[in-house]
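The chain contents come next:
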Amino acid sequence: MLVTLSSALEQGLLYCFMVLGVYLTFRVLDFPDLTVDGSMTLGASVCAVLIINGASPFLATLAGTASGAAAGIVTGFIHILLKSDSADTNYGPKLISGILTTTALYTVNLRIMGRSNIPLLGETTFFDKLGSMLNVRMVHWPLVATLAVLAVIVKYLLDWFLHTDLGLSMRAIGDNEQMIRSLSVNTSVTRVIGLAVANALVALTGSLVAQQQGYTDIGMSVGVLVAGLAGVILGEAIFGTRSVSWVLFSVIAGSLVYRTLIALGLRVDWIKPTDLKLLTALFVMIALGAPVIRRKLVKS
Amino acid sequence: MTAATGSPSDSCALPRPSGRAAGFECRDIRKTFYRNSAFQIQALCGVDLTVAPGDFVTIIGSNGAGKSTLLNVIAGTFSVDGGELLLDGEDISKLPEHARAAFIGRVFQDPRAGTAPSLTIEENMCLALRRGRRRGLHMGVDSSRRQVIRENLCLVEMGLEKRPKTQVAKLSGGQRQAMSLLMATIAEPRLLLLDEHTAALDPKVAATTMELTERVVSARRLTTLMVTHNMELALAYGNRLIMMHAGRIILNVGPTEKKELTVAGLVQKFRDVAGESFTTDRMLLD
């Protein structure tokens with residue numbers, strides 16, 4: 001049971017950067033960004049290819065993260081190209097731009113890797129390197145502690161960023177785009193920066209997951225966006241949204257809760273690991289749909 | 001940096017004019033909506049208007065006269081089909097909306113339109129303070145900005161300066177509109193556009209908002225265009241009045257004449273000019 005818990009925490013912390021990215025796009029920017037499914041594998045591919053070619057795992061992780069930012073920028077520019085001037089609340093171009101990038105990234109990722117998966121067994125990963133520097137074996141609790149430190153660092157960086165002039169304008173875009181434009185903010189450019197930051201976080205998860213599980217696979221991020229949404233929803237519902245600083249913690253905690261639920265679910269006999277995507281999709285559907293249904297019931 | 005916390009009494013002084021207020025000119029501004037369709041509407045059919053620096057012009061007219069379209073065209077929300085918009089002699093009609101917003105402040109009719117609800121009072125004010133300036137990785141609300149924000153908030157005498165960390169969503173419509181007005185003016189815009197900004201408020205709140213507008217505009221000597229439905233407001237405020245009808249300016253009342261104008265007089269003038277304008281319209285269309 002303790003091993004299950006440590007591995008659930010491990011997964012929760014690995015994926016919390018992706019969940020923070022999803023929070024940034026869906027909630028802060030009001031941009032339902034579907035790039036996530038592509039940018040996570042992109043980060044993992046870039047990182048894995050650099051590692052098997054002998055690059056430092058720290059550098060490889062950094063490069064993987066940066067590749068995600070590039071993917072976000074591409075989505076942002078496609079959105080600028082496709083959106084019409086008067087359609088601020090029109091989600092169509094936002095969805096399409098993410099779908100286009102993700103689809104294109106499938107090819108890009110295969111090209112980067114040269115095949116559909118890269119094993120990292122026997123290679124020195126970020127965790128091995130850090131472990132040898134700190135003289136601990138990076139499994140179970142030491143790994144959880146390392147990831148927790150990383151999560152806290154990223155949380156505080158993001159918290160600081162969202163309180164800078166740039167971060168404030170980003171938050172205002174999701175809140176009231178017309179208003180922030182009338183305060184002289186170039187919303188297109190600001191949105192591109194936001195998408196870059198969000199997808200960098202997603203790709204950071206990709207890089208770390210590849211190194212923790214020991215391989216990169218072209219299908220590793222299928223459905224990861226919905227898992228991210230589940231984390232955001234759980235975090236907000238359980239831990240609240242009283243301020244930006246607080247909600248960043250909520251979202252990280254939401255990621256942990258989600259992975260714990262998954263781990264517990266897997267202990268149930270009749271649930272197979274392959275059922276998880278269906279269950280996650282159902283959960284997100286119910287969580288998003290419940291308020292709507294409740295409103296309809298109250299009305300009738 | 002100093003911890004800037006003066007007592008409220010000495011920080012409530014009215015702002016002084018910065019001398020940035022611009023002269024403004026519309027030359028033959030034209031705008032058609034739904035061009036080449038059955039719903040084609042000529043919203044502005046050649047608007048000419050010259051405004052001197054520091055002028056406060058009230059714009060009046062019936063529904064569909066083109067008042068709000070004119071403001072939207074000046075702000076860049078809609079592009080013009082033809083004509084020039086000159087701010088201190090410089091044509092701004094090709095600039096995108098956000099670039100014009102660097103020197104144009106706006107308050108909308110809907111009190112929710114001018115503020116970001118999930119941000120705090122001071123975060124909103126801070127966003128407004130950065131109008132026309134670079135927005136980088138500087139901390140949004142720092143102690144020196146906090147002081148400027150405080151000074152401005154206590155102008156509205158609603159106690160907002162005492163709770164800078166309150167979410168704007170928790171404020172009333174009147175409070176939000178007062179904040180919108182502060183946010184439109186805090187960075188000293190060269191031109192201020194007010195689009196029926198008291199029309200959605202209840203009469204009492206509308207009156208205090210109007211009184212606040214008058215104070216802020218005259219203290220900063222802002223060049224101001226105010227659209228309104230309300231003839232009394234149009235007469236009570238500002239030094240000039242224009243009347244629009246069917247996409248044109250049909251009446252332009254200067255400072256001396258405006259002082260003596262009454263609502264009855266204005267209605268009479270409207271009948272005189274609008275009647276004439278109707279016939280010319282028909283002649284043009286036929």
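One can find the structure itself at the top, above this paragraph.
Keep in mind it's a predicted model, so treat the numbers as computed, not measured.

## Comments concerning the pairing of strand S4 (residues 82-87) of chain B
Residue and element names in this part refer to chain B.
And then number 1: Sheet topology places strand S1 (residues 24-33) next to S4; five bridges connect them, and they run antiparallel. Within the sheet, the bridge partner assigned to arginine 27 lies in S4 and is glutamate 84.
And then number 2: The pairing of S4 with strand S5 (residues 90-91) spans two bridges and is antiparallel. Within S5, the residue paired with leucine 86 across the bridge is aspartate 91.
And then number 3: Taking the residues between adjacent antiparallel strands as the criterion, S4 and S5 are bridged by two residues, where aspartate 88 takes a positive phi near 50°.

## Regarding unusual backbone geometry
Residue and element names in this part refer to chain A.
And then number 1: Its identity is not glycine, yet histidine 140 carries a phi of approximately 45°, on the positive side.
And then number 2: As for its position among the elements, histidine 140 is in helix H6 (residues 140-161).
And then number 3: Despite not being glycine, serine 184 shows a phi value in the positive range, around 75°.
And then number 4: With respect to the helices, strands and loops of the structure, serine 184 is situated in the loop between helix H8 (177-181) and helix H9 (187-213).

## Some words on the interface of chain B and chain A
And then number 1: Facing 34 residues of chain B, the contacting portion of chain A comprises 21 residues.
And then number 2: When the area that chain B buries against chain A is broken down by residue, the three leading residues are His98, Arg135 and Leu137 of chain B, summing to 27%.
And then number 3: Taken together, chain B and chain A are joined by four salt bridges.
And then number 4: A salt bridge links arginine 145 of chain B to aspartate 165 of chain A; the shortest N-O distance between them is 2.8 Å.
And then number 5: If you look at where chain B meets chain A, you find 16 residue pairs in polar contact (both at pLDDT 80 or more).
And then number 6: Residue assignment for the side of chain B that touches chain A shows that the elements contributing at least two residues are helix H2 (97-100), strand S6 (104-107) and helix H3 (121-129) of chain B.
And then number 7: Top element by residues in the side of chain B that touches chain A is H3 of chain B. It accounts for five residues.

Conventions we followed
Residues numbered from 1 in each chain as written. Chains lettered and ligands numbered in written order. Predicted model: local features only at pLDDT ≥ 70, side-chain atom pairs only at ≥ 80, totals over all residues. Heavy atoms only, no water. Pairing = 2+ DSSP bridges. Helix = DSSP H or I, 4+ residues; strand = E, 2+ residues; numbered from the N terminus. Contact = heavy atoms within 4.5 Å. Buried area = accessible area lost by both parts, 1.4 Å probe. Salt bridge = Lys/Arg side-chain N within 4 Å of Asp/Glu carboxyl O. Polar contact = N/O pair within 3.5 Å; in protein donor to acceptor, adjacent residues only side chain to side chain.

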